[in-house]
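# Structural overview
Here's the letter readout for the chains.
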Amino acid sequence: MKKVNIGLLGLGNIGTGTYQTLEMNYEHIKDVTGVDFEITRILERDVDRKRPITVRPEQFTQTPDDIFNDPDIDIVIELVGGIEPATSFMLKALNAGKHVVTANKAAIAANYDELMDTAKANKVMLRFEASVGGGIPILTALTGSLLANEYEEILGILNGTTNYILTKMDHEDMAYEDALKEAQQKGFAEADPTADVEGHDVANKLSILMNLVFKKKVHPDDIQTTGISAITKDDIEQAKKDGCVIKLVASAYHKDGELGCFIQPTLLNKEHPLATVNNEFNAIFVKGNAVDDLMFYGKGAGPLPTGSAVMGDVIEIGRAISKGVAYDL
Ligand code: HSE
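Residues numbered from 1 in each chain as written. Predicted model: local features only at pLDDT ≥ 70, side-chain atom pairs only at ≥ 80, totals over all residues. Heavy atoms only, no water.

## Re the site of the ligand
In the vicinity of the ligand, the contacting residues are K105, N159, G160, T161, F188, A189, E190, D196, D201, K205, G300 and A301. Taking E190, its side chain carries an N or O atom lying 2.6 Å from a nitrogen atom of the ligand. Protein contacts shield 94% of the accessible area of the ligand, which totals 250 Å² for the unbound molecule. Looking at the shell around the ligand, the elements that each hand over two or more residues are helix 7 (160-171) and helix 10 (200-214). Considered class by class, the residues forming the shell around the ligand number 3 nonpolar, 4 polar and 5 charged. (Near = heavy atom within 4 Å. Polar contact = N/O pair within 3.5 Å; in protein donor to acceptor, adjacent residues only side chain to side chain. Areas by Shrake-Rupley, 256 points an atom, 1.4 Å probe, with all protein chains shown as cover. Helix = DSSP H or I, 4+ residues; strand = E, 2+ residues; numbered from the N terminus. Nonpolar A, V, L, I, M, F, W, Y, C, P; charged D, E, K, R; others polar.)

## Overview of the side chain of D36
Note on placement: D36 falls in strand 2 (residues 35-43). The charged side chain of D36 is buried without a salt bridge, its nearest counter-charge being K30 at 5.2 Å. For D36, the side chain forms a polar contact with the side chain of Y26, separated by 2.5 Å. (Buried < 20%, exposed > 50% of the residue type's maximum accessible area, 1.4 Å probe, protein only. Lys, Arg positive; Asp, Glu negative; His and termini not counted. Salt bridge = Lys/Arg side-chain N within 4 Å of Asp/Glu carboxyl O.)

## Structural notes on the packing of aromatic side chains
Overall, the coordinates contain 4 aromatic pairs when judged by the stated rule. With 5.9 Å between their ring centres and 50° between their planes, F68 and F89 make a pair best called tilted. With F68 in helix 3 (residues 65-68) and F89 in helix 4 (residues 86-95), the pair connects residues that are 21 residues apart, well separated along the chain. You can call F68 buried: its relative accessible area is 4%. Residues Y112 and F128 carry aromatic rings whose centres are separated by 6.1 Å and whose planes lie at 85° to one another, so their mutual orientation is edge-to-face. Note that Y112 is positioned in helix 5 (residues 105-121) and F128 in the loop between strand 6 (126-127) and helix 6 (138-143), a separation of 16 residues in sequence. On the basis of relative accessibility, which here comes to 16%, the residue Y112 falls in the buried class. You can call F128 buried: its relative accessible area is 8%. (Phe/Tyr/Trp six-rings, centres within 6.5 Å; stacked < 30°, edge-to-face > 60°.)

## Things to note about the packing of helix 7 against helix 8 (residues 176-185)
Taken N-terminus to C-terminus, the directions of helix 7 and helix 8 make an angle of 135°; their axes are 9 Å apart at the nearest point. The pairing of helix 7 with helix 8 is recorded here as oblique in orientation. At the point where helix 7 passes helix 8, the crossing takes the right-handed sense. Contacts between helix 7 and helix 8 involve T161, Y164, I165, K168 and M169 from the first element and Y176, A179, L180, E182 and A183 from the second. (Axes fitted to C-alpha atoms, helices over the stretch in contact; angles between N-to-C directions. Parallel < 35°, antiparallel > 145°, perpendicular 65-115°, else oblique. Left-handed = near helix turned anticlockwise from the far one by under 90°. Contact = heavy atoms within 4.5 Å.)

## Thoughts on the pattern of salt bridges
For the structure on display, the rule yields 17 salt bridges. As a salt-bridge pair, K30 and E27 come within 3.9 Å of each other at their nearest N and O atoms. Pair noted here: K30 and E27 are both in helix 2 (residues 26-33), with a separation of 3 residues, about one helical turn. A cluster of three or more residues bridged by salt bridges with shared partners is formed by K3, E38, R56 and E58.

## Here we look at the domain arrangement of the chain
Interface size is commonly expressed as the accessible area that is lost once the parts come together. On domain assignment, one finds that the chain holds domain 1 (2-134 + 304-323) and domain 2 (140-299). Placing a centre on the C-alpha atoms of domain 1 and another on those of domain 2 gives a separation of 26 Å. Listed by partner, the interface residues are 15 residues for domain 1 and 17 residues for domain 2. Among the residues of domain 1 in contact with domain 2, K105, A109 and V132 are the three that bury the most area, contributing 39% of the side total. Across the domain 1-domain 2 interface, the total number found is 3 salt bridges. K217 is the salt-bridge partner of D113, the closest N and O atoms lying 3.2 Å from each other. There are 4 residue pairs in polar contact (both at pLDDT 80 or more) connecting domain 1 and domain 2. Residue contributions to the side of domain 1 that touches domain 2 peak at 7 residues, all from helix 5. (Domains from an automatic or database assignment. Buried area = accessible area lost by both parts, 1.4 Å probe.)

Put into structure tokens, the structure is as follows:
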């Protein structure tokens, strides 16, 4: 059986969810893929944190080069988050001939060309399904089964933390700060939750989607973005009285040569399909000119849903390695 070794950069919430996904479904993954995946090295400072996984002390390292220079490692999973040092880590891994999987929307949105070009130059694969929509396989669908379509519109709820906060404020009359704290405890929020509540995380995801769907590069900083930090309980109550809910909606269009995009808290009638997307769930609408309307729905944040997406990319690469085609792209 083909053995594929993985180096994991970061054992925080998503790193732990990824490790746990592989650990709990190890036999199943081995059976269906014919590949034996093992996370052999982990770059992580916090070795003492209690985690729901079994890690041996010798798997940990504090030296990134221990992973990049290890000839036995085939795939590097980058889950440290943020633009730097994550981008440099990915470039080092790609230049060392490793395939790379990441959930890092900030680094992919900011440095898409450099990362993709480096992967191509080294004939290795770079995959980032988990960067948009958590566990929802939206990027794989758009770049696979739906590739025959052209698109005019993207509409969605793309951040679990803010959707969780707005849902709790609406359904349970919870204070904004308490709901945010809960979202952080559940592992939905970014290390600095400002990126969530001010909409920057959504801007990164919308930028990646526009690139794949419209083939247009829009830097996240150029997307008109308003977050939810100014939303009050009174706003929520007023929306309720009017038969509406408030959601942080991302929208982009590319029609008749015109490109537009924005992210803002939006009043939605309770009957609107996005109005029933609650807690950490995300939903994404696209309209393809052949397939017509599509809506993707699922958990957009959280260790296991995101770990599922990361492992999906790892498995795709592992299968390509075992067929001997991963270096031939
Ligand atoms: N902080 C992000 C969110 C994590 O809440 O959606 C998933 O990208």
